[in-house]
Amino acid sequence: MNSKLHLLLNIKPAEARVVKQLFLVQFFLGIATAFLFTSTLAMFLHTFEAKDIPKVYIVSAGLLLVANAFYGKLEASLSAKKLLQTIIIFSGFSILFTWGGVSFLAARWVPFVLSAWNLVVYMLVGYAFWGMAAIIFNVRESKRLFSVVGSGDIPAKLMGYTAVSVLAPFLGVENLLWFSIGAFVLAYYFLKRFNHAAITGHHHAEHGHATGHGHGAEHAEHQSFISKYFQNRLIFFITLFSLLAFTVYSLIDYTLLAEVKSKFTSSPALATFIGVFFAVGRIMALFIKLLFSSRMISRLGLANSLLIAPVVLLLISGLLLLPGESEKMILYTFGVMVLLSEVLKSAVQEPAFFVLFQPLDPHSRLKGHLISKGYTMPVALLITGVFLAIFKYFNGGISIVTVCQILVVLLAGWITSVFLIKKEYLHTLINALKKGYFTGSELFLNDEPVRNVLIGKLESQNPKEVILALELLERSGYRNLEKRLLPLLDSRSEVIRRYVLFRIIGLKLTNAFPLIEKALRTDALGNARADFVQAYYFLSPTLQSISPQDPLEMQKAALIGLSLREESEAQQQVLQHLEALTKSAHLQDKLVTLDIISKAPRSLYAPLLKSLLFDTSEPVYKQAIETVGKVREASLIAPMLGVVQAKQATYSLQKSVLAFGDAFYQNQALFSPSLPENLFLQLVKTAGKVKGENSSQFLVQGMEKRPAYQDNIIESLWSKKATLDTSGQQQVQDWLKQKLEQSRQKALYCQSLLQNHELPLLASSLASELKHDVQKVLKSLALLYDRQQITRVMDLLALGSADKVANAIEMLEQLIPKKYFLPLELQIDFQLDKDKSLLPLGEKKRQEATQVIREIVTENTANCTNWTKSVACYSVLEVPSANLTGLLASAPPATGDYLFEETRGFVLSQLTPTAHVTN
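Just so we're clear, the structure is a prediction, and the values are computed from it rather than from any experiment.

Cut-offs applied
Residues numbered from 1 in each chain as written. Predicted model: local features only at pLDDT ≥ 70, side-chain atom pairs only at ≥ 80, totals over all residues. Heavy atoms only, no water. Helix = DSSP H or I, 4+ residues; strand = E, 2+ residues; numbered from the N terminus. Buried < 20%, exposed > 50% of the residue type's maximum accessible area, 1.4 Å probe, protein only. Contact = heavy atoms within 4.5 Å. Areas by Shrake-Rupley, 256 points an atom, 1.4 Å probe, with all protein chains shown as cover. Core = buried A, V, L, I, M, F, W, Y, C linked by side-chain atoms within 4.5 Å. Expected span 1.5 Å × (residues − 1). Polar contact = N/O pair within 3.5 Å; in protein donor to acceptor, adjacent residues only side chain to side chain. Axes fitted to C-alpha atoms, helices over the stretch in contact; angles between N-to-C directions. Parallel < 35°, antiparallel > 145°, perpendicular 65-115°, else oblique. Left-handed = near helix turned anticlockwise from the far one by under 90°. Phe/Tyr/Trp six-rings, centres within 6.5 Å; stacked < 30°, edge-to-face > 60°. Patch = residues over 30% accessible without salt bridge, like charges linked within 9 Å, V, L, I, M, F, W, Y side chains within 5 Å. Salt bridge = Lys/Arg side-chain N within 4 Å of Asp/Glu carboxyl O. Nonpolar A, V, L, I, M, F, W, Y, C, P; charged D, E, K, R; others polar.

Draft legend 1. Structural detail: the overall build of the protein. The helix and strand tally for the protein stands at 43 helices and zero strands. Residues counted as buried form 52% of the 919 residues belonging to the protein. Looking at the protein alone, contacts between residues at least 24 apart form 75% of all its contacts between residues at least 6 apart. Working note: accessible area of the protein is about 42,700 Å², and carbon and sulfur atoms make up 59% of it.

Draft legend 2. Molecular detail of unusual backbone geometry. Of note, the phi angle at Arg632 is positive, near 55°, even though the residue is not glycine. Here Asn863, not a glycine, exhibits a phi torsion of approximately 55°, which is positive. The class of Asn863 is partly exposed, set by a relative accessible area of 33%.

Draft legend 3. Region of interest: the nonpolar core. Ranked by internal contacts, the top residues of the largest apolar core, which has 121 residues, are Ile516, Phe698, Leu778 and Leu824. Considering each element in turn, this core owes the most residues, eight residues, to helix α24 (residues 529-539). Discounting residues that sit within four places of it in the chain, Ile516 has contacts with Leu489, Leu501, Phe532, Ala535, Tyr536 and Leu539. Within the second largest apolar cluster, 95 residues are counted, among which are Phe112, Leu119, Ile135 and Leu177.

Draft legend 4. Here's a closer look at helix α20 (residues 463-475). Its 13 residues give α20 an end-to-end C-alpha distance of 18 Å, which sits within 8% of 18 Å, the value for a rise of 1.5 Å per residue. All of the buried residues along α20 are Glu465, Val466, Ile467, Ala469, Leu470, Leu472 and Leu473. Those residues of α20 that are buried lie in contact with α19 (448-457), α21 (481-485) and α22 (494-507). The distance from a side-chain oxygen at the start of α20 to the backbone nitrogen of Lys464 is 3.0 Å, and the residue carrying that oxygen is Asn462.

Draft legend 5. Highlighting the packing of helix α23 (residues 513-520) against α24. Between α23 and α24, the shortest axis-to-axis distance is 9 Å and the interhelical angle comes to 135°. The angle between the axes of α23 and α24 places the two elements in the oblique class. Note on packing geometry: the crossing formed by α23 with α24 is left-handed. Two secondary-structure elements touch here, α23 through Phe513, Ile516, Glu517, Ala519 and Leu520 and α24 through Arg529, Phe532, Val533, Ala535, Tyr536 and Leu539.

Draft legend 6. Looking closely at the packing of aromatic side chains. Under the defined criterion, the tally for this structure stands at 19 aromatic pairs. Ring geometry for Tyr189 and Phe190: centres 5.2 Å apart, planes at 75°, overall edge-to-face. Under the relative-accessibility criterion, Tyr189 is labelled partly exposed at 43%. Considering the side-chain rings of Phe387 and Phe391, the 5.8 Å spacing of their centres and the 40° angle between planes classify their relative orientation as tilted. Remark: Phe391 and Phe387 occur in helix α17 (residues 362-395); sequence separation between them is four residues, near one turn of the helix. Looking at Phe387, the relative accessible area reads 34%, which means it is partly exposed. Phe391 gets classed as buried once you look at its relative accessible area, which sits at 18%. A network of ring pairs unites the aromatic residues Phe660, Phe664, Tyr665, Phe671, Phe680, Phe698 and Tyr709 as a single cluster.

Draft legend 7. A look at a nonpolar patch on the surface. Residues Ile58, Leu382, Val386, Ile390, Tyr393 and Phe394 make up a contiguous nonpolar surface patch of about 620 Å² in total accessible area. If one sorts the elements of the nonpolar patch by residue count, α17 sits on top with five residues. On the basis of relative accessible area, Ile58 is assigned to the partly exposed category, the value being 31%.

Draft legend 8. Expanded view of the packing of α20 against α22. Where α20 contacts α22, the axes come no closer than 9 Å and their chain directions differ by 20°. Compared by their axis directions, α20 and α22 come out roughly parallel. Judged by the twist between their axes, the crossing of α20 over α22 is right-handed. Residues Pro463, Val466, Ile467, Leu470, Glu471 and Glu474 of α20 lie in contact with α22, whose contacting residues are Val495, Ile496, Tyr499, Val500, Arg503 and Leu507. For the contact of α20 with α22, the per-class residue count stands at nine nonpolar, no polar and three charged.

Draft legend 9. Looking closely at the pattern of salt bridges. Taken as a whole and assessed by the stated rule, the structure comprises 20 salt bridges. Measuring nitrogen to oxygen at the nearest pair gives 2.6 Å for the salt bridge that ties Glu474 to Arg503. Taken together, the residues Glu474 in helix α20 and Arg503 in helix α22 connect sequence positions 29 residues apart. The class for Glu474 is partly exposed, based on a relative accessible area of 26%. With relative accessibility at 15%, the residue Arg503 sits in the buried group. A salt bridge links Lys776 to Asp711; the shortest N-O distance between them is 3.3 Å.

Geometric descriptors of this kind do not, in isolation, establish any biological role.
Set out below in structure tokens:
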């Protein structure tokens, strides 16, 4: 079900979690602004006349300019997530204060100010949310996902507008503000739970350009107007686009509200109409945005998508200007235009608009958002408000026909600005392409100028550029790819010829067969001949037989080509050849069989692979182990583990697991209690190099089932940058609590030995182990809290400078809870000053050297390493004691701990030459 939903919404499975979390935040922000907009607008229209709306625009413009200055300071000092959290808190409290003003002051001016303030809240929330989203996604992701993420706003506003129409008559319009406050609280809650490295560690101030340059002021004097105020031409044209769009929407909104005011008089009735009207628009927008927006943007191109709204509005405005239309028809048609403008703005224009900034660096994206929306909106409101006020002064009210005449001019300018944006954007992209190496993850590959550059790259003398251009053309769905691909079979570069053959096979280009057949008749193919043979047997219109007289390398290529065919006859022919090669007495034949199976995996080859696993030849069974991973044959995992254990081929196991990938760790054989310890440890270490949830779950379960290897598991979880669920976090927290206590015990041992000036070798070993323990603890904390900052702490501690370490400890205190920080701080302080006490004054005690040795060698509650245990055992020679000697002699053998057993035998032989140690 989830996969179908992801496909419907054009979401990749790996993106689903982030999209869902952003959707929830946007959903509650939408509810908050919907209730605020509807209730404030209803109160204003009930208290004031439509002629006062221009004044609201002018006041809103002034408030927005002040709010933008405030936002700019916050944006420069806070991460994207903290910025949005601050804006939500600020908005919620501002609404609470305005509710108090409406409820208790009962002043006529309060609804006026609240209507102006509504725009400020809406804009601040919009910049912060979309600024955060812009940092998370690149341009290709944005084109697909912004419409889905932004669609959270639509059902939210639909619910808000519908609820207003139902609740307003019963609760009163002013009390609806409490729903807005509650929605802001829920948005803050879901935002607090949302963590992403791109928004928690990103500080905008770090990206500044002017600071730090000695000639900054001199450089500013020579900057153009656009560079100085807009940073680049792209942001300038986007700002022009925004100015015209906001002016059009403001003028349309004013005309609608003036008509609504003339039809309704009571505040609940106004709220009901506004709620129903905008709810209908949101239903239409939800349908279009979820199902069509991302695909429409991908199909039409980003710039062309921006033309949809102004072209539709221009057509309707032109229709309204036709002579002979009745006043009633004009009113209804204008209502439809208002509805469509809301739908197109939400469903198409806004997602495409935000994607425009994605090729810019994160700082420029956020600055572009602020300039093109934050500073443009107040200017548009000011222009519209002043114009309407002046027009009213000289002409009285403004008619729909007059508004449409003005709209035609503005919409023509709006459409022109879209072409300017498109031209500037393509110019930037083409310049980037012409520099040589380029990437396709952030380019509009469907644009003709970009494709022409890629086609030109096919003539390059650099094979890497040719291959990359072919990859990008194929990714873009270029229809004439075959026409461009086949001539490259004659390329002088063997690398290019091999790549072209690889894609011919992948795309099943049967038209290439005559060219391949012709090429095989020549002797100029060199090392690429095997690739041509493989393609020949794969593409041949009739099934070809393999000659046993051909060299083994050519037979191998032919078998691979045949194995890629779907006919059962081809598969049977390959199987017969492979069975013969498997039974061969020649080592090379068996290795070739494994190579063929790895390059053309089929389930019917599994019995052959299993038989080669149990081959007595070391090169064969090792390659067979690796091949199990390459072909991802889950049914052979259990027998493969048996071979690995019997042959001690752990390195081959590691290579096999890495080739198999995360799915390897789904196999139930790995969770068997009978799995040997050495294999489990190897799988733990390898899991740290594998990305995916299955390997993470294997490690988390290992924490509980194999506690002896928890330190290794923590290391692997940290290496793979695992994201832990609640169960995993609890396991790490339990380990962390235990590890901190064990480290404290080691530090006490070390401190006692140093104070008594005893056993320096053992004290040194304990100190070294403590240093490693601190690193392990920090790695476990990085799994639970801010990984980026804790890694920075680890780097500072590694430098060893007293100032750096002090800064690291200060930073750490802000990142982790006190229950972890306080004991960890003691460990770090002890490393800096070995004389520093680890116990409160009332608990100070000094342990004798014999007691330290006894506890390490026998109980080992501090979980000291095998090396430290062996050093403690060796230290008995320095403090001979009959009790310790008897203890060593009677202790059961430490299974698998060969270093300790050898040390114990040596110590006993020195202390009691006649002693006999039984293993």
